[in-house]
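Below, each chain spelled out in residue letters.
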Amino acid sequence: MKYYIIAGEASGELHGSNLMKGLYKEDPHAHIRFWGGPLMDAVYKAHEEGEGMVEDYRAGAVMGFVEVIRKGRAILQRFSRCRQDILAWKPDVVVLIDYPGFNFKVAEFAHKAGFKVYYYIAPKVWASREGRIRKLKAWVDRLFIVFPFEKEYFDRHGVPYTYVGNPLVDVLESSPALKESESAFLQRTGLPDKPSIALLAGSRSMEIGSMMPVFMQLADAWHATHPDYVFVVAAAPSRSMKDYEKYIAGREEYVKVVFGETYGALRHAWAAVINSGTASLEAALIGTPQVVGYRMNAITAAIARRIILCKYVSLGNLILDRYAIRELLQERFTVPKLLEEVTRLTEDEEYRARILADYADIRTLLGGSGASEAVARAMMEDLKA
C-alpha cells in the first residue's frame, strides 16, 4: 500500500513517526511519502531508500487567525505543491494528522480527486468551529481519534471513527529520557544540580515572542527570593539559541536553555509552566505539577473567545471534565498569578498530592500502550475491506 501522510506541527510529526513505525510493521509492502520532519524522516530512511519527505513542517508552521491571513499566499503555494504531488504519486490513502487549517483543504481535494482519506488525531471541532463537522462527513472516510471524551461527541454527530487509545502513552513508555537518572541527565545536559522549574513556551516563533517575556519576569521575581532554583527553558529541537538569547541575556546564572530535552526537563523539575497543547498532557503523564499559561495576539484572542466551545484549554482538564490544572489565559497570564501558583506547586505538599492523584486518573482514562500499532492495524484492515 502507498500512504501519503501530512503532519504540520511538532506534536503531529511525533505521532506521525510512530504511526509510520506501525504501518511498516503491519504492512511489509508499505511505501510512504510525507510532509513532516526529522522524526518521520528517520523512520522512513530505516525502511525505504530515496527521499520520502516532500516538505519539512518547520518551514511553514503557523497558528492563529491573524497569522494565517498574513501568510495566506505561502499557505496557498504549499497547498498547490501538495495537490500536485499527491496526483503524481497516486497513493492508496491520504492520512491527515491534526493541522486542520491546511489539512481540511487537502481532505476536500483528495476526496474529490477520488483518493481515500483518513484523519488521524481529529481536528478539535468539539472545541471550536463546529460547522466543520459537515466537512469531516463529506471528505473523510474515517477518523482515528485519540481522546476518550471524543467518542460520545462523534457518536452524537454520526461521524465514523476508530478509538484504540492515545499514542502519547506509547511515546512516553519508550522514551529513554524517562529512564535516565537525574545525575546522568544533569551531566549530559550541563545543567546545574539545583531544584528546577521547567518553562515550555511552544515551538512557534510567535509563541516564543509572546511567552518568553512573561517567563523571564517570573524568573526574575522568583530568583529574588529563591536563589537556589534554576529555570530550564525546554526548547523545541526546531528552534535555535537565536530565538532565546535576547530574553535570557543577563539571566544566564538562573535561566538555562536546552533543546530536544523536554521529557528530561519535565521529569526532573519540581514544577512546570506550560503553554498548553500536547506538552501539558505530557507533563501530566510524566507526573510534573504544572500551571498552564497562554497569551496570544489580542485580535486572535477576541475571535477565539467568540468561537471556542469547550470549558478548558488543557487536555488534562478536558479528559477529566474538571479543573485539575490551573489555567492562566490572556489577561490572567501575569507574573503575580504565576508566582502564586508556582509557590503552591513547589511548597504545598497537599496540593501537589492532589494534582498527582488527578494525573493518575488521566492515565487511567487514556488506557494502556500499543495505540500507534493498533491505529496502523485498523487502517490496514479498513483499506483491505
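A. Molecular detail of the overall build of the protein chain. Counting its secondary structure elements, the protein chain contains 18 helices and 13 strands. Relative to the compact-globule value of 21 Å for 385 residues, the protein chain shows a C-alpha radius of gyration of 21 Å, a close match. Dimensions of the protein chain along its principal axes, counting C-alpha atoms only, are 65 × 45 × 40 Å. Sorting the 385 residues of the protein chain into buried and exposed places 55% on the buried side. At a minimum sequence separation of 6, the contacts of the protein chain that also span at least 24 residues come to 65%. When the accessible surface of the protein chain is totalled, it reaches about 16,600 Å², and 52% of it is carbon and sulfur. Each charge class in the protein chain can be summarised by its mean position, and for the 49 positive and 48 negative side chains these summaries are 7 Å apart.

B. Structural view of a negative patch on the surface. There is a patch of like negative charges on the surface, built from Glu347, Asp348, Glu349 and Glu350. Along the polypeptide, Glu347 turns up in helix α16 (residues 335–347). With relative accessibility at 48%, the residue Glu347 sits in the partly exposed group.

C. Structural view of the packing of aromatic side chains. Scanning the model with the defined rule gives 15 aromatic pairs in all. Ring geometry for Phe215 and Phe333: centres 6.3 Å apart, planes at 75°, overall edge-to-face. With a gap of 118 residues between them, Phe215 in helix α10 (residues 205–225) and Phe333 in the loop between β13 (326–329) and α16 connect regions that are remote in the sequence. In this structure, Phe215 and Phe333 share a single accessibility class: buried. Relative to Tyr229, the ring of Trp222 lies with its centre 5.5 Å away and its plane at 90°, an arrangement referred to as edge-to-face. The two residues Trp222 and Tyr229 agree in class, both being buried. Three or more aromatic residues link up through ring pairs in this structure, and these residues are Trp35, Phe79, Tyr99, Phe102 and Phe109. We note Arg78 situated over the ring of Phe102; from NZ or CZ to the ring centre the distance is 5.0 Å. One residue, Arg344, lies across the ring of Tyr351, its end atom 3.7 Å from the ring centre.

D. View of the pattern of salt bridges. This model, assessed by the stated rule, comprises 22 salt bridges. Ionic pairing is found between Asp220 and Arg251, a salt bridge with its closest N-O pair at 2.8 Å. Linking Asp220 in helix α10 with Arg251 in the loop between α11 (245–248) and β10 (255–259), this pair joins segments that are 31 residues apart in sequence. The partly exposed category is assigned to Asp220, whose relative accessible area is 27%. A salt bridge links Asp321 to Lys311, with the shortest nitrogen-to-oxygen separation between them at 3.3 Å. Of the two residues, Asp321 is situated in the loop between α15 (315–320) and β13 and Lys311 in the loop between α14 (298–307) and α15; the sequence distance between them amounts to 10 residues. Under the relative-accessibility criterion, Asp321 is labelled partly exposed at 48%.

E. Looking closely at the packing of helix α1 (residues 10–26) against helix α18 (residues 371–384). Two elements in contact, α1 and α18, have axes whose closest approach is 8 Å; the angle formed by their N-to-C orientations is 55°. With respect to α18, the element α1 is oriented oblique. In this structure, α1 meets α18 at a crossing whose hand is right-handed. Each of Asn18, Leu19, Gly22, Leu23, Lys25 and Glu26 in α1 lies in contact with α18, whose residues at this interface are Ser372, Glu373, Val375, Ala376, Arg377, Met379 and Met380. In terms of residue class, the contact of α1 with α18 is made up of six nonpolar, three polar and four charged.

F. Representation of the sheet that holds strand β7 (residues 161–163) within the structure. Spatially, β3-β2-β1-β4-β5-β6-β7 is the arrangement adopted by the seven strands of the open sheet, whose pairing is parallel. Unpaired on one side and paired on the other, β3 (53–56) and β7 mark the two borders of the sheet. Neighbour-to-neighbour, the strand axes of this sheet turn through a mean angle of 20°, independent of strand direction. As paired elements, strand β1 (residues 2–7) and strand β2 (residues 31–36) share five bridges and run parallel to each other. Pairing of Ile5 across the sheet is with Phe34, part of β2. Its contacts with the sheet put α1 on β1, β2, β4 (93–97) and β5 (116–120), and the angle it makes with β1 is roughly 165°. Along the sheet face, helix α2 (residues 38–45) touches β1, β2 and β3 and points at about 165° away from the line of β2.

G. Spotlight on the environment of Leu143. Along the polypeptide, Leu143 turns up in strand β6 (residues 142–145). A relative accessible area of 1% means that Leu143 is categorised as buried. Distance from Leu143 to Thr162, taken between C-alpha atoms, is 6.3 Å for residues 19 residues apart in sequence. Excluding residues within four positions of it along the chain, Leu143 makes contact with Tyr119, Ala122, Pro123, Leu136, Phe154, Val159, Pro160, Tyr161 and Thr162.

H. Region of interest: the sheet that holds β13. Within the open sheet, the six strands sit side by side as β10-β9-β8-β11-β12-β13. Their pairing is parallel. If you trace the sheet from one side to the other, it starts and ends with β10 and β13, each paired once. Taken over all neighbouring pairs, the strand axes of this sheet differ in orientation by 20° on average, direction set aside. Sheet topology places strand β9 (residues 230–235) next to β10; five bridges connect them, and they run parallel. Note on β10: the bridge partner recorded for Val233 is Val257. Along the sheet, helix α13 (residues 277–286) contacts β8 (196–200), β11 (271–274) and β12 (290–294); its crossing angle with β12, the most-contacted strand, is approximately 175°.

Criteria and cut-off values
Residues numbered from 1 in each chain as written. Predicted model: local features only at pLDDT ≥ 70, side-chain atom pairs only at ≥ 80, totals over all residues. Heavy atoms only, no water. Helix = DSSP H or I, 4+ residues; strand = E, 2+ residues; numbered from the N terminus. Rg over C-alpha atoms; globule rule 2.2 N^0.38 Å. Buried < 20%, exposed > 50% of the residue type's maximum accessible area, 1.4 Å probe, protein only. Contact = heavy atoms within 4.5 Å. Areas by Shrake-Rupley, 256 points an atom, 1.4 Å probe, with all protein chains shown as cover. Lys, Arg positive; Asp, Glu negative; His and termini not counted. Charge placed at Lys NZ, Arg CZ, Asp CG, Glu CD. Patch = residues over 30% accessible without salt bridge, like charges linked within 9 Å, V, L, I, M, F, W, Y side chains within 5 Å. Salt bridge = Lys/Arg side-chain N within 4 Å of Asp/Glu carboxyl O. Phe/Tyr/Trp six-rings, centres within 6.5 Å; stacked < 30°, edge-to-face > 60°. Lys NZ or Arg CZ within 6 Å of the ring centre and 35° of its normal. Axes fitted to C-alpha atoms, helices over the stretch in contact; angles between N-to-C directions. Parallel < 35°, antiparallel > 145°, perpendicular 65-115°, else oblique. Left-handed = near helix turned anticlockwise from the far one by under 90°. Nonpolar A, V, L, I, M, F, W, Y, C, P; charged D, E, K, R; others polar. Pairing = 2+ DSSP bridges.

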